[in-house]
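Residue-level listing of the chains:
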Amino acid sequence: MTIAWPDLPIEVAFPDLSRWAAGNTGTPYVWRFASGTPGPHALVQALTHGNEVCGGIALDELLASGFRPARGTLTAVFANIDAYARWDPASPFKSRCVDEDFNRVWTDAVLSGPRDSADLARARALRPFYDACEYLLDLHSMTDPCPPLALAGRRAKGVALARGLGVPRDIVVDAGHATGTRLRDYAFFDDPDDPRAALLVECGQHWEKSAVDVARQSTLRFLKHLGVADDDYVVPRLDRSELPPQRIVEITHAVTIHSDRFEFAMPVAGLVAIPRAGTLLAHDGDAEVRTPYDNCLPIMPTRRPKKGETAVRLGRYVGG
């Protein structure tokens, strides 16, 4: 069965970010501001993938507002800017990366190894900034409509950081992808004995207006939670709506594609529960993929199946 994916409107403009090109760190598109007052070193990142514009808009607005940290240090990074420069609304998925996925290279073996690509070169240039920070907020978006997600990794400190922000509602506890390590899971961020922590927020579908709102609010709450931003800056900009209680989604299975003949057998949408265990979810060549338990939650099903990559993650709500 071939699933017909909906056409998705592009509801937001992709801003010209060239005014941030010089940076103030010696590295293009990287800005650092130190308050001179003791406090944490926070890093906010946009454009890990070049077509995920919501974070770029939020970070553009933050810098344009003249924000300076009240305590500690803020580093602002427009990550894969070369991929962003390739944006073409006629082919909106082609600017995700240049040569390879910037968010699958985050091990020392890859970063210090002999392989090379445009995305890997940028990762190497940015690595010292991640090594220097204590808290990372990595702003992403998703291929298809789905409620926003906080991807906290597999350590308690990631969940604690997500709870500190209070948004999004759904916190995903997972170990990433078989195809490579995410920045969120880089080095000390995945060390349970190291206090440094990272959070990846999937703000919504790539080009919907609401994803930009989630990126803005996540950034404000991140800076407020850490004390890097004071109330005089945050409160006038914060959505004061009552926040729903957050929920934990535990990922139990990451479905990796093993053939060139992968097809979903039913319509699959992020966080829309599949009621019955054993439901046929997909065909991977001659193999069947079935749901492992009742009320199984698909997380971020892929629009474009590719051998070796993650087709979908499967999870369930845990805790209270």
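Data block above holds the structure.
Note that the coordinates shown come from a computational prediction; the quantities given were computed from them, not determined experimentally.

A. Quick look at the packing of aromatic side chains. All chains considered together, the criterion is met by 15 aromatic pairs. Among the aromatic residues, those joined into a ring-pair cluster are Phe102, Trp106, Tyr130, Tyr186, Phe188 and Phe189. One Lys or Arg, Arg316, reaches over the ring of Tyr293 and ends 4.6 Å from the middle of that ring.

B. How the structure looks around the nonpolar core. Ranked by internal contacts, the top residues of the largest apolar core, which has 56 residues, are Leu17, Phe67, Phe78, Leu199, Cys203, Phe222 and Leu223. In terms of residue count, helix H6 (residues 209-226) provides more of this core than any other element does, eight residues in total. If we ignore the near neighbours within four places in the chain, the residues touching Phe222 are Ala42, Leu43, Val44, Tyr135, Leu136, Leu137, Leu161 and Leu165. Within the second largest apolar cluster, 21 residues are counted, among which are Val110, Leu126, Phe188 and Ala198.

C. Spotlight on the sheet that holds strand S2 (residues 41-46). Spatial ordering of the open sheet is given by S1-S3-S2-S4-S7-S5-S6-S8-S13-S12, a layout of 10 strands whose pairing is mixed. With partners counted over all chains shown, the strands left at the sheet margins are strand S1 (30-34) and strand S12 (297-299), one partner each. Taking each pair of neighbouring strands and ignoring which way they run, the sheet shows an average axis angle of 25°. With four bridges connecting them, S2 and strand S4 (residues 135-142) associate as parallel partners.

D. Spatial organisation of the sheet that holds strand S10 (residues 280-284). Ordered in space as S9-S10-S11, the three strands form an open sheet in which the pairing is antiparallel. Edge strands, defined here as strands with exactly one partner in the open sheet, are strand S9 (262-264) and strand S11 (287-290). Between one strand axis and the next, the sheet turns through 25° on average, direction left out of account. Pairing analysis gives three bridges linking S9 to S10, with the strands arranged antiparallel.

E. Local environment of helix H1 (residues 53-64). An ideal rise of 1.5 Å per residue puts 16 Å on 12 residues; H1 measures up with 16 Å between its terminal C-alpha atoms. With 10 of its 12 residues buried, H1 lies for the most part within the structure. Among all positions in H1, only Val53, Cys54, Gly55, Gly56, Ile57, Ala58, Leu59, Asp60, Leu62 and Leu63 are buried. Count one or two residues on from H1 and you reach Gly66, which has phi positive near 80°.

F. Molecular detail of the pattern of salt bridges. Following the criterion strictly, the structure yields 22 salt bridges and no others. For Glu250, the salt bridge identified is with Arg316, shortest N-O distance 3.6 Å. Of this pair, Glu250 sits in strand S8 (residues 247-256) while Arg316 sits in strand S13 (residues 310-318), and the two are 66 residues apart along the sequence. For Glu250, a relative accessible area of 31% corresponds to the partly exposed category. The class of Arg316 is partly exposed, set by a relative accessible area of 35%. Among the ionic pairs, Arg290 bridges to Glu288, the shortest N-O distance being 3.0 Å. A relative accessible area of 46% means that Glu288 is categorised as partly exposed. Through salt bridges with shared partners, a single network forms among Asp174, Arg182, Arg184, Asp185 and Arg313.

Calculation notes
- Residues numbered from 1 in each chain as written.
- Predicted model: local features only at pLDDT ≥ 70, side-chain atom pairs only at ≥ 80, totals over all residues.
- Heavy atoms only, no water.
- Phe/Tyr/Trp six-rings, centres within 6.5 Å; stacked < 30°, edge-to-face > 60°.
- Lys NZ or Arg CZ within 6 Å of the ring centre and 35° of its normal.
- Core = buried A, V, L, I, M, F, W, Y, C linked by side-chain atoms within 4.5 Å.
- Buried < 20%, exposed > 50% of the residue type's maximum accessible area, 1.4 Å probe, protein only.
- Helix = DSSP H or I, 4+ residues; strand = E, 2+ residues; numbered from the N terminus.
- Contact = heavy atoms within 4.5 Å.
- Pairing = 2+ DSSP bridges.
- Axes fitted to C-alpha atoms, helices over the stretch in contact; angles between N-to-C directions.
- Expected span 1.5 Å × (residues − 1).
- Salt bridge = Lys/Arg side-chain N within 4 Å of Asp/Glu carboxyl O.

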